[in-house]
Amino acid sequence: MDRPTLSYWFVWTDDDGVTHQTKCDLTDFALQSMGGRAAPQWNAQVCAGKSNVMVCTLPVGWVGEWHENPKPQWIIPLSGCWFVETMDGVRVEMGAGEISFGADQHSKPDAEGRRGHKSGTVSKAPASLMLVQLEDPRLMAARPGIFK
């Protein structure tokens with residue numbers, strides 16, 4: 001098998017305080033065992049350090065009006081479908097297994113009062129998400145390209 005890549009959406013803030021979403025790829029995979037007698041698998045060490053893992057369920061019709069991610073965080077939908085809309089007008093809908101990294105801290109309100117991003121459920125079913133919040137200050141308001 002060839003070295004894999006894994007796509008994800010990166011939510012970030014530019015120098016003017018406007019948020020965007022950029023599709024990025026994780027590419028730094030190495031074929032290695034997880035230990036013991038486990039066969040080698042493709043692993044990518046994305047980041048290490050203190051984190052908080054949460055699982056949440058967004059009810060049908062839930063909308064998180066304009067807000068920033070409270071911390072840099074990986075967001076992985078487990079079931080259902082949700083959306084993220086950034087200040088530049090880009091709206092991305094994600095279902096189970098799709099990934100987003102939220103680093104839109106330090107955004108600035110625009111003329112309409114929008115800041116950060118807006119998110120919510122899309123389908124007629126709740127959306128369950130896993131969040132991995134990272135404590136590394138280097139990831140606050142990070143830009144695409146920080147992960148390989």
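The structure we're discussing is the one just above.
Notes on the structure follow.

Analysis parameters
- Residues numbered from 1 in each chain as written.
- Predicted model: local features only at pLDDT ≥ 70, side-chain atom pairs only at ≥ 80, totals over all residues.
- Heavy atoms only, no water.
- Helix = DSSP H or I, 4+ residues; strand = E, 2+ residues; numbered from the N terminus.
- Rg over C-alpha atoms; globule rule 2.2 N^0.38 Å.
- Buried < 20%, exposed > 50% of the residue type's maximum accessible area, 1.4 Å probe, protein only.
- Contact = heavy atoms within 4.5 Å.
- Areas by Shrake-Rupley, 256 points an atom, 1.4 Å probe, with all protein chains shown as cover.
- Lys, Arg positive; Asp, Glu negative; His and termini not counted.
- Charge placed at Lys NZ, Arg CZ, Asp CG, Glu CD.
- Phe/Tyr/Trp six-rings, centres within 6.5 Å; stacked < 30°, edge-to-face > 60°.
- Lys NZ or Arg CZ within 6 Å of the ring centre and 35° of its normal.
- Core = buried A, V, L, I, M, F, W, Y, C linked by side-chain atoms within 4.5 Å.
- Pairing = 2+ DSSP bridges.
- Axes fitted to C-alpha atoms, helices over the stretch in contact; angles between N-to-C directions.

1. Re the overall build of the protein chain
Here's step 1: Assigned secondary structure in the protein chain consists of zero helices and 12 strands.
Here's step 2: Reading the secondary structure of the protein chain in the N-to-C direction produces β-β-β-β-β-β-β-β-β-β-β-β.
Here's step 3: Against the globule reference of 15 Å for 148 residues, the protein chain gives a C-alpha radius of gyration of 16 Å, in line with a compact fold.
Here's step 4: Once the C-alpha set of the protein chain is aligned to its principal axes, its extents read approximately 55 × 35 × 30 Å.
Here's step 5: Out of the 148 residues in the protein chain, the part that is buried amounts to 39%.
Here's step 6: Counting contacts in the protein chain only where the partners sit at least 6 residues apart, residues at least 24 apart contribute 70% of the total.
Here's step 7: Surface accessibility of the protein chain: about 8,200 Å² in total, with carbon and sulfur atoms responsible for 53%.
Here's step 8: Side chains of the protein chain carry 14 positive and 17 negative charges; the gap between the two charge centres is 6 Å.

2. Some remarks on the packing of aromatic side chains
Here's step 1: Using the criterion set out here, one finds seven aromatic pairs in the structure.
Here's step 2: Seen in terms of ring centroids, Tyr-8 and Trp-74 are 5.1 Å apart; in terms of plane orientation they differ by 65 degrees. Their pairing is edge-to-face. With Tyr-8 in strand E1 (residues 6-13) and Trp-74 in strand E7 (residues 73-79), the pair connects residues that are 66 residues apart, well separated along the chain.
Here's step 3: Accessibility expressed as a relative area gives 1% for Tyr-8, which makes it buried.
Here's step 4: Following the ring pairs from residue to residue traces out a cluster consisting of Tyr-8, Phe-10, Trp-74, Phe-101 and Phe-147.
Here's step 5: Lying over the aromatic face of Phe-83, Arg-91 brings its terminal NZ or CZ to 3.9 Å of the ring centre.

3. Let's talk about the nonpolar core
Here's step 1: With 15 residues, the main nonpolar core has Tyr-8, Phe-10, Trp-74, Phe-101, Leu-134 and Phe-147 as its most contacted residues.
Here's step 2: The set of elements that each furnish at least two residues to this core consists of E1, strand E2 (19-26), strand E10 (100-103) and strand E12 (127-134).
Here's step 3: With three residues, E1 is the largest single contributor of residues to this core.
Here's step 4: Within the second largest apolar cluster, 10 residues are counted, among which are Val-11, Leu-58, Val-84 and Val-92.

4. Brief notes about the sheet that holds strand E8 (residues 81-86)
Here's step 1: Read across the open sheet, the four strands follow the order E6-E11-E8-E9; overall the sheet is antiparallel. With one partner strand each, in any of the chains shown, strand E6 (63-67) and strand E9 (91-95) form the two edges of the open sheet. The average angle at which neighbouring strand axes cross in this sheet is 15 degrees, direction not considered.
Here's step 2: In this structure, E6 lies alongside strand E11 (residues 117-121), joined through three bridges in antiparallel fashion. Opposite Val-63, over in E11, you have Gly-120 as the bridge partner.

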